[in-house]
Amino acid sequence: MMPVSITYPAGRVVWRGRTDWGLMKQATDLDVEEALRRCAAGDAGALRAIFEREAPRMIGVAQRIVRRRALAEEVVQDSFVQIWRRAASFDAARGAGRTWIYAIVRHRAISILRDERRLELDADGDPTATVSEESSDDIVTKLSDSSSLRRCLEHLEERARKLIVLTYVHGLSHTELAAREGVPLGTVKSWIRRGALALRECLG
Amino acid sequence: MTDRDDDRDALAAEYVLGLLGGAEAADVERRMASDAAFAQAVAAWRVRLADLDMTAVPQQADEALWSRIASGLALPSAAPAATRAAPATQSGLLSWLWDSLAFWRGLSAAAVAAAALFVMLVGLRPAVVAQPAFVAVLTTDAGRPGAVMHAYADGRVTLIPLEMAPIPQGRSLQLWSISTAKPAPVAIGLMDQVRTIRLDLRNLSPDQIRQRFAISVEPFGGSPTGLPTGPVVMQGAMTPAN
């Protein structure tokens, strides 16, 4: 990644901390599929490598759903247990290793959100929640320019795009979406269904 | 595509989007075990939407979390210890606590309880004022005070901008902790607008809190690499308030 070449507020570009570019390269280059194979063979160092490379973003993904930092860490802790125990069932033919890992994180986060009813305290008043809800447009903008998902989401009807992105990223339910949009539950369901099938056609 | 294919794919999409409740999700998972075409449809949706996971802003993952994972799995201690960041700088007691599953389990429950209690206290008495334990003045290149950070005994930190230009369009300001115990700066907060923010530094050790903090300009949503990529606009060190 090239440094951002802007000056702000009016000074020179200065960084006085220490950065370890070697560490960054090593972390970026982690082969997740290979690490999962090593986990399946009982190599704890491979699990540690996945932790170092992926745990920060796993916490980020979990926290967008469960909002509270403590719960997000619990999600990630549970996910690593699953990764370690189920690594042998990872099937590279079904998708990348990273996709498998994040499916585990999202599954655990949504299960806490839907079933465990531990989110009764409003996250807005929670000092440990440092992640606020992002708009669907902001999220789509963060997708890489070369992402076909971005291109296809941008081709969807606006309301379908919004519902699909907010649901996936923040774990909103049909009921919450219907309340927000002020439309019946059945309408939300049919918008999402139509949007999902249009997305499938676009993405193949 | 037949209607039946559409029904199957729409249900798989709802499942992957996280829209299904406990009972419906359990039905879907049973079907995945017995219906290969349906399991394939679910896998395809996971692949289609996976890029969205990469839009999450990475959060600090510290050694305490790894210790809980390693202890919970009873992993061979040699593997994580070899790569642990800074055990040599910790006192014997701290090292012991680091490794003690019971301690971290207890702390985790206590942290959740404390968070709940704090929410209630804030709800009842929004004007509670505490004395900060540490203060940092972050200064700009020109040596002018740009922001003040207050760290409280319970681990909360506030960052109050004093003199900051608006954040450039399409950029975010990111706050970093720079510690000699860590090989690289650690991202601890993201600001998409200039305002007072609250951070939770309960997971940083006192040694880390005493370290330097810096704010850099990053692409919107934070550094894509997990390390500072843009110019540092201000920085400073925490010092005890008294």
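Residues numbered from 1 in each chain as written. Chains lettered and ligands numbered in written order. Predicted model: local features only at pLDDT ≥ 70, side-chain atom pairs only at ≥ 80, totals over all residues. Heavy atoms only, no water.

(A) Broad picture of the overall build of chain B. If you tally the helices and strands in chain B, you get 8 helices and 9 strands. Pairs at least 24 residues apart make up 55% of the contacts formed inside chain B by residues separated by at least 6 positions. (Helix = DSSP H or I, 4+ residues; strand = E, 2+ residues; numbered from the N terminus. Contact = heavy atoms within 4.5 Å.)

(B) Representation of the pattern of salt bridges. Using the criterion set out here, one finds 23 salt bridges over all chains in the structure. For Glu73(A), the salt bridge is made with Arg69(A), and the minimal N-O distance between the two is 2.8 Å. Placement of the pair is Glu73(A) and Arg69(A) together in helix 4 (residues 69–86), with a separation of 4 residues, close to one helical turn. With a relative accessible area of 4%, Glu73(A) lands in the buried category. Taking relative accessible area as the criterion, Arg69(A) reaches 10% and is therefore assigned buried. Among the ionic pairs, Asp9(B) bridges to Arg8(B), the shortest N-O distance being 3.7 Å. The pair formed by Asp9(B) and Arg8(B) is uniform in burial state, with each residue classed as buried. Each member of the salt-bridge network shares a partner with another, and the members are Arg200(A), Glu201(A), Asp5(B), Asp6(B), Arg8(B) and Asp9(B). (Salt bridge = Lys/Arg side-chain N within 4 Å of Asp/Glu carboxyl O. Buried < 20%, exposed > 50% of the residue type's maximum accessible area, 1.4 Å probe, protein only.)

(C) Highlighting the packing of aromatic side chains. Applying the stated criterion across every chain, the model contains 3 aromatic pairs over all chains. Residues Phe51(A) and Phe80(A) carry aromatic rings whose centres are separated by 5.6 Å and whose planes lie at 55 degrees to one another, so their mutual orientation is tilted. Separated by 29 residues along the polypeptide, Phe51(A) in helix 3 (residues 44–66) and Phe80(A) in helix 4 bring together distant segments of the chain. Exposure class is identical for Phe51(A) and Phe80(A). Each is buried. Chaining the aromatic ring pairs together yields one cluster made of Phe51(A), Phe80(A) and Trp66(B). (Phe/Tyr/Trp six-rings, centres within 6.5 Å; stacked < 30°, edge-to-face > 60°.)

(D) Representation of the side chain of Thr140(B). Residue position: Thr140(B) is located in the loop between strand 1 (134–139) and strand 2 (145–151). When near neighbours in sequence (up to four residues on either side) are disregarded, Thr140(B) contacts Gly146(B), Val233(B) and Met234(B).

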